[in-house]
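In case you want the letters, here they are:
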Amino acid sequence: MNAEIIAVGSELLTPYRMDTNSLYLTEQLNQLGVEVIFKSVVGDNLRRLVAAAQHALYRSDIVIFSGGLGPTEDDLTRETVADLLGRKLKLNVAILDGIKARFRSFNREMPDINVRQAMVPEGAEALNNPRGTAPGLWIEDSAHMIALLPGPPRELKPLFLEEVLPRVARRVSAVRMFHRELRVTGLGESAVDQRIQPVYKRFADVNTTVLASPGEVQIHLRMWTEDAQLAQKNFAEIEQGFEIALTDRIFSRDGASLEEVVARLLTLNKATISAAESCTGGLLAQRLTSIAGSSSYFLGGVVCYSNEMKTAWADVPKELIEAKGAVSAEVAVALAEGIRRRVGSTLGMGITGIAGPGGGSEEKPVGTVHIAVASGGETKARAVRFMGDRDMIRGQASQMALDLVRMHFLYNGSAKRG
Ligand code: AMP
Ligand code: MG
């Protein structure tokens, strides 16, 4: 169930008055589980109000108007809504008597123009407003809930709480939003979307959003329904389809970050890790240690930026660097194996690459990164070329390094996977 708010009043389009009613209404609607999908501010102008109301009725389940219910010619909300819904305005004698009585209580005669405030569209309910002259109005059919509320906040707020909220709650109470988030790495946004589209297109009631950042794609599934089992069933079927389409590229099904997933795997397998980093400058160590309790698996690491330090701190043979270059698969492997041996950890990581913007060559362009994971058996190495600026290249390199750790446990027959 979604809602839209239209704040009516030319004063709201000046620098001197602000539409605060919609903030209040949004807060209240959200608490009911209703999402506000559009808000607009419209002056006291018939043509523009008709246009705004037309759009709102077309695209939103609940439409709330604030303002424009006064007695004067420029208060147009009542007439506009009646006209758009094809309902005649009829004089409501009880409301008129109430307005007259209110004036009498202040020892005044009701001016004729206030009769307008007693005009009610056919089929509309008047919402009792003891704090002002004009009642609010409520119109409901199978497609819409429409509320017309007076502009003054001291009238609008209690009227919403007492009269509108219970009516909306009656229709939305059972409907909730169900949400599932999957995270993917090692594939770009369009590649992910292309693979999963055939799956999610089959579920018209489930809203699928694909959000990308460097090195990671998030897939959000949302469904509004009363039926929790139906939502879970749909999500399970979609997930199964995504699993086939994306294979081992899905690393998270509960919103966990890649470092959290890796932390769980290391803990579960009682494994420890160390890292010798060059181009990432300690980013991998930073991410591994960003998790509380990381001391149980992260033993230590070095940032060996210069060739000398690669040799001094991770035992990379000088001749190997001279022969293959500092950015090479062989040096990444030597970094991983060297730090693992030095630290005595289960796994050792080595990262070397060119983060740019300078330092690239034809043979080794900016973005070239070699990453290795040593585990005592065969050391696995990966060569990639990342796109983007320095930050993006370093971020993606750390992401791929974490993913290599994940893959190590995924394809190691004796490892626990949780
Ligand atoms: P109306 O119901 O259009 O006669 O509004 C009467 C008064 O309520 C205006 O003069 C404003 O001071 C106030 N008002 C109207 N709309 C809003 C709004 N969206 N937010 C805050 N105050 C409002
Ligand atoms: Mg007004």
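Thresholds applied
Residues numbered from 1 in each chain as written. Chains lettered and ligands numbered in written order. Predicted model: local features only at pLDDT ≥ 70, side-chain atom pairs only at ≥ 80, totals over all residues. Heavy atoms only, no water. Helix = DSSP H or I, 4+ residues; strand = E, 2+ residues; numbered from the N terminus. Rg over C-alpha atoms; globule rule 2.2 N^0.38 Å. Buried < 20%, exposed > 50% of the residue type's maximum accessible area, 1.4 Å probe, protein only. Axes fitted to C-alpha atoms, helices over the stretch in contact; angles between N-to-C directions. Left-handed = near helix turned anticlockwise from the far one by under 90°. Contact = heavy atoms within 4.5 Å. Nonpolar A, V, L, I, M, F, W, Y, C, P; charged D, E, K, R; others polar. Pairing = 2+ DSSP bridges. Near = heavy atom within 4 Å. Polar contact = N/O pair within 3.5 Å; in protein donor to acceptor, adjacent residues only side chain to side chain. Areas by Shrake-Rupley, 256 points an atom, 1.4 Å probe, with all protein chains shown as cover. Phe/Tyr/Trp six-rings, centres within 6.5 Å; stacked < 30°, edge-to-face > 60°. Lys NZ or Arg CZ within 6 Å of the ring centre and 35° of its normal. Domains from an automatic or database assignment. Core = buried A, V, L, I, M, F, W, Y, C linked by side-chain atoms within 4.5 Å. Parallel < 35°, antiparallel > 145°, perpendicular 65-115°, else oblique.

Novice: What am I meant to see in the overall build of the chain here?
Specialist: Across its full length, the chain holds 13 helices and 17 strands. Over its C-alpha trace the chain gives a radius of gyration of 32 Å, far above what one expects of a compact globule, namely 22 Å for 418 residues. C-alpha atoms of the chain, sized along the principal axes, occupy 100 × 45 × 35 Å. Residues counted as buried form 49% of the 418 residues belonging to the chain.

Novice: Just to check I follow, could you spell out the packing of helix 6 (residues 189-200) against helix 7 (residues 228-246) for this structure?
Specialist: For any two helices packed against each other, the geometry is given by the interaxial angle and the distance between the axes. Direction vectors running N to C along helix 6 and helix 7 enclose 145 degrees, while the axes themselves pass 9 Å from each other. Taken as a pair, helix 6 and helix 7 cross one another with a handedness that is right-handed. Along the contact surface, helix 6 presents Val-192, Arg-195, Ile-196, Val-199 and Tyr-200, while helix 7 presents Ile-238, Gly-241, Phe-242, Ala-245 and Leu-246. Looking at the contact of helix 6 with helix 7 residue by residue, the classes come out as 8 nonpolar, 1 polar and 1 charged.

Novice: Mind showing me how you'd approach unusual backbone geometry here?
Specialist: Outside of glycine, negative phi angles account for most residues, and trans bonds account for most peptide bonds. At the junction of Gly-356 and Pro-357, the peptide bond is cis and its omega measures out at 5 degrees in the coordinates. Positive phi, close to 50 degrees, is recorded for Lys-270, a residue that is not glycine. As for its placement among the helices and strands, Lys-270 is situated in the loop between helix 8 (258-268) and strand 13 (273-277).

Novice: What exactly am I supposed to notice about the pairing of strand 7 (residues 136-140) here?
Specialist: A regular strand places its side chains so that they alternate between the two faces of the sheet. The buried count for strand 7 comes to 4 of 5 residues, which makes it a mostly enclosed element. With 3 bridges joining them, strand 6 (residues 125-127) and strand 7 adopt antiparallel strand pairing. If you follow Ala-126 over to strand 7, its bridge partner there is Leu-137. Sheet analysis places strand 7 next to strand 8 (residues 145-149), joined by 4 bridges and oriented antiparallel. Along strand 8, the bridge assignment pairs Glu-140 with Met-145.

Novice: Looking at this structure, I do not really get the site of ligand 1. What am I missing?
Specialist: Near ligand 1 lie 16 residues; those nearest to it are Asp-19, Thr-20, Gly-68, Gly-151 and Pro-152. Within the backbone of Gly-68, an N or O atom sits 2.7 Å from an oxygen atom of ligand 1. In this structure, Pro-152 approaches ligand 1 through a main-chain N or O atom, which is 3.1 Å from an oxygen atom. Considering ligand 1 on its own, with 490 Å² of exposed area, one finds that the protein chains cover 75% of that surface. Of the residues assigned to the shell around ligand 1, the class counts are 6 nonpolar, 6 polar and 4 charged.

Novice: What should I look at first to understand the packing of aromatic side chains in this one?
Specialist: Aromatic rings in a pair are described by how distant their centres are and how their planes are angled relative to each other. Counted by the stated rule, this structure contains 1 aromatic pair. Pairing Tyr-24 with Phe-160 gives two aromatic rings, centres 6.4 Å apart and planes at 85 degrees, and the pair type is edge-to-face. You can see Tyr-24 sitting in helix 1 (residues 21-31) and its partner Phe-160 sitting in helix 5 (residues 153-172), a full 136 residues away along the chain. Looking at Phe-160, the relative accessible area reads 0%, which means it is buried. Directly above the aromatic system of Phe-38 lies the positively charged group of Arg-59, at a separation of 3.5 Å from the ring centroid.

Novice: Can you help me understand the domain arrangement of the chain in this one?
Specialist: Note on interface size: it is often stated as the accessible area lost on association of the parts. We note that the domain assignment places domain 1 (2-169), domain 2 (176-252) and domain 3 (258-412) within the chain. Here the C-alpha centre of domain 2 lies 40 Å away from the C-alpha centre of domain 1.

Novice: Explain the nonpolar core here, please?
Specialist: Most often, soluble globular proteins have nonpolar side chains that are buried together. By size, the foremost hydrophobic cluster in this structure holds 35 residues, and its most contacted members are Leu-266, Ile-273 and Met-349. Mapped by element, the contributors of at least two residues to this core are helix 8, strand 13, helix 9 (283-288), strand 15 (347-353), strand 16 (368-374) and helix 13 (390-410). Take this core: its biggest share by element is 8 residues, from helix 13. Other than its neighbours up to four places away in sequence, Ile-273 contacts Leu-266, Leu-288, Tyr-297, Phe-298, Leu-299, Gly-300, Ser-345, Leu-347, Met-349 and Val-405. By size, the runner-up hydrophobic cluster in this structure holds 26 residues, among which are Phe-65, Leu-69, Phe-103 and Ile-146.

Novice: Looking at this structure, I do not really get the side chain of Ser-60. What am I missing?
Specialist: Along the chain, Ser-60 falls in the loop between helix 2 (46-59) and strand 3 (62-66). In this structure the side chain of Ser-60 is engaged in a polar contact, spanning 2.6 Å, whose partner is the side chain of Glu-4. Those residues within four positions of Ser-60 in sequence are excluded, and the remaining contacts are Asn-2, Ala-3, Glu-4, Ile-37 and His-144.

Novice: Honestly, the packing of helix 1 against helix 5 in this entry has me stumped. Any pointers?
Specialist: Between helix 1 and helix 5, the shortest axis-to-axis distance is 11 Å and the interhelical angle comes to 20 degrees. By the angle class used here, helix 1 and helix 5 are roughly parallel. The hand of the helix 1/helix 5 crossing is right-handed. Contact residues: Asn-21, Tyr-24, Leu-25, Gln-28 and Leu-29 in helix 1; Pro-153, Leu-156, Lys-157, Phe-160, Leu-161 and Leu-165 in helix 5. Across the contact of helix 1 with helix 5, the residue classes break down as 8 nonpolar, 2 polar and 1 charged.

Novice: It is not clear to me how the sheet that holds strand 7 should be interpreted in this structure. Could you clarify?
Specialist: Sheets are built from strands that pair by backbone hydrogen bonding, the pairs being arranged parallel or antiparallel. If you walk across this open sheet you meet the 6 strands as 2-1-3-8-7-6, and the pairing is mixed. Each edge of the open sheet carries a strand with a single partner, namely strand 2 (35-42) and strand 6. On average, adjacent strands in this sheet sit at an angle of 15 degrees to one another, irrespective of strand direction. Here strand 3 pairs with strand 8 via 5 bridges, running parallel. Residue Ile-62 lies in a different strand from strand 8, and its bridge partner there is Met-145. Of the strands in this sheet, strand 1 (2-8), strand 2, strand 3 and strand 8 touch helix 2, which is tilted by about 170 degrees from strand 1. Taken strand by strand, helix 5 contacts strand 3, strand 6, strand 7 and strand 8, and its axis lies near 175 degrees from that of strand 8.

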